[in-house]
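The chain contents come next:
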Amino acid sequence: RNYAYIRPEGGGLMVGLFEGEASAFDASIEPFGEIEPDWDRLTPYLEKAMSRVPAVQDVGVKKLFCGPESFTADLSPLIGEAPEV
């Protein structure tokens, strides 16, 4: 499986990755904060994404951002009433 999205961004391409089986992260990290990438886990996803857009291999990567922006710390969904809705 390929968990990647690709879109135009600032004169280049944004290649985004999602892990099929993500691991938990330190809950003290600020939302949308940045964490050190775990290359052993990310490399297979990165290789698959780059195989879909081979030119990325020639031009390089401007920025690698690794962050827990859309998941809970324990990887479980948030379920229940939302008071603001």
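Below is a short write-up of the structure. (Residues numbered from 1 in each chain as written. Predicted model: local features only at pLDDT ≥ 70, side-chain atom pairs only at ≥ 80, totals over all residues. Heavy atoms only, no water.)

### A word on the environment of F32
Okay, so step 1: Note that F32 resides in the loop between β2 (12-17) and α1 (39-52).
Okay, so step 2: For F32 and G67, which are 35 residues apart along the polypeptide, the C-alpha to C-alpha distance reads 6.2 Å. (Helix = DSSP H or I, 4+ residues; strand = E, 2+ residues; numbered from the N terminus.)

### Description of the pattern of salt bridges
Okay, so step 1: For the structure shown, the criterion picks out three salt bridges.
Okay, so step 2: The shortest N-O distance in the salt bridge between K63 and E34 comes to 3.0 Å. Residue K63 is found in the segment after α2 (55-59), and its partner E34 is found in the loop between β2 and α1; the two are separated by 29 residues along the sequence.
Okay, so step 3: For E34, a relative accessible area of 45% gives the class partly exposed.
Okay, so step 4: For the salt bridge of D38 with R41, the shortest nitrogen-to-oxygen distance reads 3.2 Å. (Salt bridge = Lys/Arg side-chain N within 4 Å of Asp/Glu carboxyl O. Buried < 20%, exposed > 50% of the residue type's maximum accessible area, 1.4 Å probe, protein only.)

### As for α1
Okay, so step 1: For α1, which comprises 14 residues, the first-to-last C-alpha distance of 19 Å matches the rise-based estimate of 20 Å (1.5 Å per residue) to within 8%.
Okay, so step 2: Among the residues of α1, those classed as buried are L42, Y45, A49 and M50.
Okay, so step 3: Tucked into the core, α1 has its buried residues touching β1 (4-9), β2 and α2.
Okay, so step 4: Residue D38 occupies the N-cap position of α1, its side-chain oxygen lying 3.2 Å from the main-chain nitrogen of D40. (Expected span 1.5 Å × (residues − 1). Contact = heavy atoms within 4.5 Å. Polar contact = N/O pair within 3.5 Å; in protein donor to acceptor, adjacent residues only side chain to side chain.)

### Looking at the layout of surface pockets
Okay, so step 1: Quantified by volume, the largest pocket comes out at close to 1,200 Å³.
Okay, so step 2: As for the largest pocket, its lining consists of 40 residues, of which V15, G16, L17, L64 and F65 are closest to the centre.
Okay, so step 3: For the lining of the largest pocket, the secondary-structure elements that each account for two or more residues are β1, β2, α1 and α2.
Okay, so step 4: Counting residues per element, the lining of the largest pocket draws most heavily on β2, which supplies six residues.
Okay, so step 5: A breakdown of the residues in the lining of the largest pocket according to their chemical character gives 25 nonpolar, seven polar and eight charged. (1 Å grid on protein atoms, 1.4 Å probe; cavity = no way out; pocket = protein on both sides within 12 Å on 5 of 7 lines; lining within 4 Å. Points joined across faces, edges and corners; volume = space filled by probe spheres on them. Nonpolar A, V, L, I, M, F, W, Y, C, P; charged D, E, K, R; others polar.)

Function cannot be read off these values alone, since they describe shape.
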